[in-house]
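# Coordinates in review
Now for the letters of each chain:
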Amino acid sequence: MRTLSTVTAACAALSFVAGSAWAQDVRRSVADAAAVLIGTSRDVERVSENLVIHRVVVERVLHGDVVEVVSVVDLPTLSLHVRPQRGQRRLFCLGTFERQARRHGLPDRWAPYYRLSPAPAAHPLVNSSETSQGLLDFVQIVLDSERGAGPRPVNDRLLPLIFEGPAAVRLEAVHLLTQRRVLLEALTPLQLSQLQARAVGEVDDVSFKVALAELLAERRLEGLVDALCLSIDAVEDRRFAESLGRIAKLMHGEDALEVLRPHLEQRRRADAHGRLLIALGATSTERALRALLRMRASDTGDRQWVDAALRLHGSPEALAVLRDDG
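What counts as what
Once a new chain begins, its residue numbering starts again from 1 and follows that chain's sequence as written. Only residues with pLDDT of at least 70 are given local features in this predicted model, and only at 80 or more are side-chain atom pairs given and counted; all residues enter the totals for whole chains, interfaces and linings. Heavy atoms throughout the structure, all of them, feed into the side-chain values; hydrogens and water do not. Comment: elements are numbered from the N terminus, with helices defined as DSSP H or I runs of at least four residues and strands as E runs of at least two. Here the term buried applies to any residue with accessible area under 20% of the maximum for its type, exposed to any over 50%, and partly exposed to those in between, with areas from a 1.4 Å probe on protein chains only. Residues count as neighbours in contact if any of their non-hydrogen atoms are within 4.5 Å of one another. Accessible surface area values rest on a Shrake-Rupley calculation with a 1.4 Å probe, where residue burial reflects the displayed protein chains alone. Whether two strands pair depends on DSSP finding at least two bridges between them. Between N-to-C directions, angles cover 0 to 180 degrees, with each direction set by a line fitted to C-alpha atoms, over the stretch in contact for helices.

This next bit is on the overall build of the chain. From N to C terminus, the chain includes 15 helices and seven strands. Residue burial in the chain is summarised as follows: out of 326 residues, 50% are buried. Summarising the internal contacts of the chain: among those between residues at least 6 apart in sequence, 68% fall at separations of at least 24. On the chain, roughly 14,900 Å² of surface is accessible, and the fraction owed to carbon and sulfur atoms is 49%.

Structure representation (structure tokens):
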């Protein structure tokens, strides 16, 4: 069985089947797997109520030393993933099962034995869609990073996925950058500037926008909170406002109020101003609490938003004020 040097040379690609959870499962499962391959389940053998064996014909090996036909063990009562069916072509992220196979008395003629990754959506179907190809490219980047590829070359391949890739791929590419400090620290000033521009300009995919903003906050990018506040009028989803507050707290601590204050003092629509109050509450700082309580006492007309911000702040004093007035 020939092992490919790059997944992009493969004829098949992965299908996106379960939202961002899919890619997250694949990202983690690929990193932990003893073998990663694309194959088709040819036969299914039920050994017992708690043990099923899939005889998988291997089409492409992406990682590991794998023969042409392998036995993939599924433990139906212990696993949560989507189960392969006969004739289905999938990505398989596999762990070794040789020792357990001997203990179960499984026949030598079916060796080698592997076990499916336990992640719920780590074995997606394979097809030729654009989204699938992007996900397959992402899998190869994860594998190359695990094999020691330099952080800058990895980032050079991740950034196009972030800017141009399918929704699930770009989100997980951001998560990969955020979670691997060596990749995060290797981002160049130009790349950081491009990522900030995308974070500010994104208005439709709030999950992606928040992930980008949090990535940049991890790098403590100067001026980030001010830049993100430019989006508050256009992005109505409260998740962004809450993330903005958490980022302000992460980067500025008790001074988060002072960073947000100029934006709170600008003339803007009531709902946009209210979202800035939500961001202030999400900082959960003492200075934010004092400011919100003063606003509430002055009855400025933002009572609904101020109360929502106090509820989000969550301190005993904030909740007591709401409860006593309830």
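Moving on, there is more to tell.
With that settled, the discussion passes to the pairing of strand 6 (residues 113-116). Pairing geometry for strand 4 (residues 69-74) and strand 6, over three bridges, is parallel. By the bridge assignment, Val 72 is partnered in strand 6 with Tyr 114. In terms of strand pairing, strand 5 (residues 89-96) meets strand 6 through three bridges, oriented antiparallel. The residue bridging Gly 95 from the neighbouring strand is Arg 115, located in strand 6.

Around the barrel, five strands lie side by side as 2-3-4-6-5; this closed barrel has mixed pairing. Within this sheet the neighbouring strands show an average axis-to-axis angle of 50°, counted without direction. The sheet contact formed by strand 3 (residues 51-63) and strand 4 spans six bridges and is antiparallel. Looking across to strand 4, one finds that Val 57 is bridged to Val 69. Helix-sheet contacts for helix 3 (residues 130-146) involve strand 2 (35-48) and strand 3, and the interaxial angle to strand 3 is about 80°.

These figures capture arrangement, not role.
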